[in-house]
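Commentary on secondary and tertiary structure
Take a look at the letters that make up each chain.
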Amino acid sequence: MIDTVQIGGFDFEVRRSGRRQTLGLTVDRTGALIAHAPIEVSTDELSHWIQKKLLWVHRKLAVKQETTRQMRAPE
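The structure contained in this document is the topic of the report that follows. Just so it is clear, the structure is predicted and the values come from calculations on it, not from any experiment.

Criteria and cut-off values
- Residues numbered from 1 in each chain as written.
- Predicted model: local features only at pLDDT ≥ 70, side-chain atom pairs only at ≥ 80, totals over all residues.
- Heavy atoms only, no water.
- Helix = DSSP H or I, 4+ residues; strand = E, 2+ residues; numbered from the N terminus.
- Rg over C-alpha atoms; globule rule 2.2 N^0.38 Å.
- Areas by Shrake-Rupley, 256 points an atom, 1.4 Å probe, with all protein chains shown as cover.
- Lys, Arg positive; Asp, Glu negative; His and termini not counted.
- Charge placed at Lys NZ, Arg CZ, Asp CG, Glu CD.
- Buried < 20%, exposed > 50% of the residue type's maximum accessible area, 1.4 Å probe, protein only.
- Pairing = 2+ DSSP bridges.
- Axes fitted to C-alpha atoms, helices over the stretch in contact; angles between N-to-C directions.

**A few points about the overall build of the chain**
The helix and strand tally for the chain stands at 2 helices and 4 strands. Reading the helices (α) and strands (β) of the chain from amino to carboxyl end gives β-β-β-β-α-α. For the chain, whose C-alpha radius of gyration is 14 Å, the value lies well above the compact-globule estimate of 11 Å for 75 residues. If one aligns the C-alpha atoms of the chain with their principal axes, the spans along those axes are about 50 × 20 × 20 Å. Accessible area of the chain: about 5,700 Å², with a carbon and sulfur share of 49%. If you average the places of the 12 positive and of the 9 negative side-chain charges in the chain, the two averages end up 7 Å apart.

**Re the pairing of strand β2 (residues 10–17)**
With burial as the criterion, only one face of β2 is covered, namely that bearing F10, F12, V14 and R16; the residues D11, E13, R15 and S17 on the opposite face remain uncovered. Bridging between strand β1 (residues 2–7) and β2 involves 6 bridges; their strand directions are antiparallel. When the bridges of β2 are listed, I2 appears paired with R15. The loop that links β1 with its antiparallel partner β2 comprises 2 residues; one of these, G8, has a positive phi angle of about 60 degrees. Examined bridge by bridge, β2 and strand β4 (residues 33–38) share 6 bridges and lie parallel to one another. Opposite R16, over in β4, you have A37 as the bridge partner.

**Some remarks on the sheet that holds strand β3 (residues 24–27)**
Taken in spatial order, the 4 strands line up as β1-β2-β4-β3 in an open sheet, and their pairing is mixed. Single-partner strands in this sheet number two, and they are β1 and β3. Averaged over all adjacent pairs, the angle separating strand axes in this sheet is 30 degrees, with direction ignored. As paired elements, β3 and β4 share 4 bridges and run antiparallel to each other. Bridge pairing in β4 places L25 opposite A35.

So this is what it looks like as structure tokens:
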């Protein structure tokens, strides 16, 4: 089940799984934000948890932006 939640000006793709037991966040290669959650976790609970993790998200996006600046285009 895939859903979307907007928190702090960011759009998080929510992927729910019956096998998953914990909450998790991923910043993928393209900078897309993905929240992983068990099916039984409510959207409000997930939103509150993501809100607490926004500093981590900002740091990861800053690192990603810095590394993409340092890479030079092939000549």
